[in-house]
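# Structural overview for review
Listed below are the residues making up each chain.
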Amino acid sequence: MSFLLSSLATAFRPSLWTTAPVRNLSKYKLKTHKGASKRWFPTGDSREFKRMKVNHAHLNQGVSTSRLQRLTQMAEPTGKAMRRTLHRLLPYASSK
């Protein structure tokens, strides 16, 4: 009988009634998109991003010099939606 009473007492203990603790989301780290981090880098104010233009690595014999000069320039994100996407992909981007 005492076993039954002790098991009932532990079953109805108020500490078991509490719900699961609410997670503090500030403790969790956000993941950086590695493909975006290898292509894009933040500018000085770390709100804007830049990247090198593509198609300038090899097989450029038949390409005009003016085209190659344009490919050496930096590219910027097109539009506000692209900037917002980059901020989500690179949450810890800061100028280094």
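Look above for the structure.
What comes next is a walk through the structure.

What counts, and at which threshold
Residues numbered from 1 in each chain as written. Predicted model: local features only at pLDDT ≥ 70, side-chain atom pairs only at ≥ 80, totals over all residues. Heavy atoms only, no water. Helix = DSSP H or I, 4+ residues; strand = E, 2+ residues; numbered from the N terminus. Buried < 20%, exposed > 50% of the residue type's maximum accessible area, 1.4 Å probe, protein only. Contact = heavy atoms within 4.5 Å. Areas by Shrake-Rupley, 256 points an atom, 1.4 Å probe, with all protein chains shown as cover.

Summing up its helical and strand segments, the chain has five helices and three strands in all. Of the regular secondary structure in the chain, the N- to C-terminal order runs α-α-α-β-β-α-β-α. When the 96 residues of the chain are sorted by exposure, 11% land in the buried category. Long-range contacts, defined here as pairs at least 24 residues apart, represent 57% of the contacts in the chain between residues at least 6 apart. Split by element, the accessible area of the chain, about 8600 Å² in all, is 58% carbon and sulfur.

The subject of this paragraph is the environment of Leu90. Here Leu90 shows up in the segment after helix H5 (80-89). Classification of Leu90 as buried rests on a relative accessible area of 6%. Considered as a pair, Leu90 and Lys31 are 59 residues apart in the sequence and their alpha carbons are 8.0 Å apart. Each residue touching Leu90, except ones within four places of it in the same chain, is listed here: Thr32, His33, Ala36, Ser37, Trp40 and Phe49.

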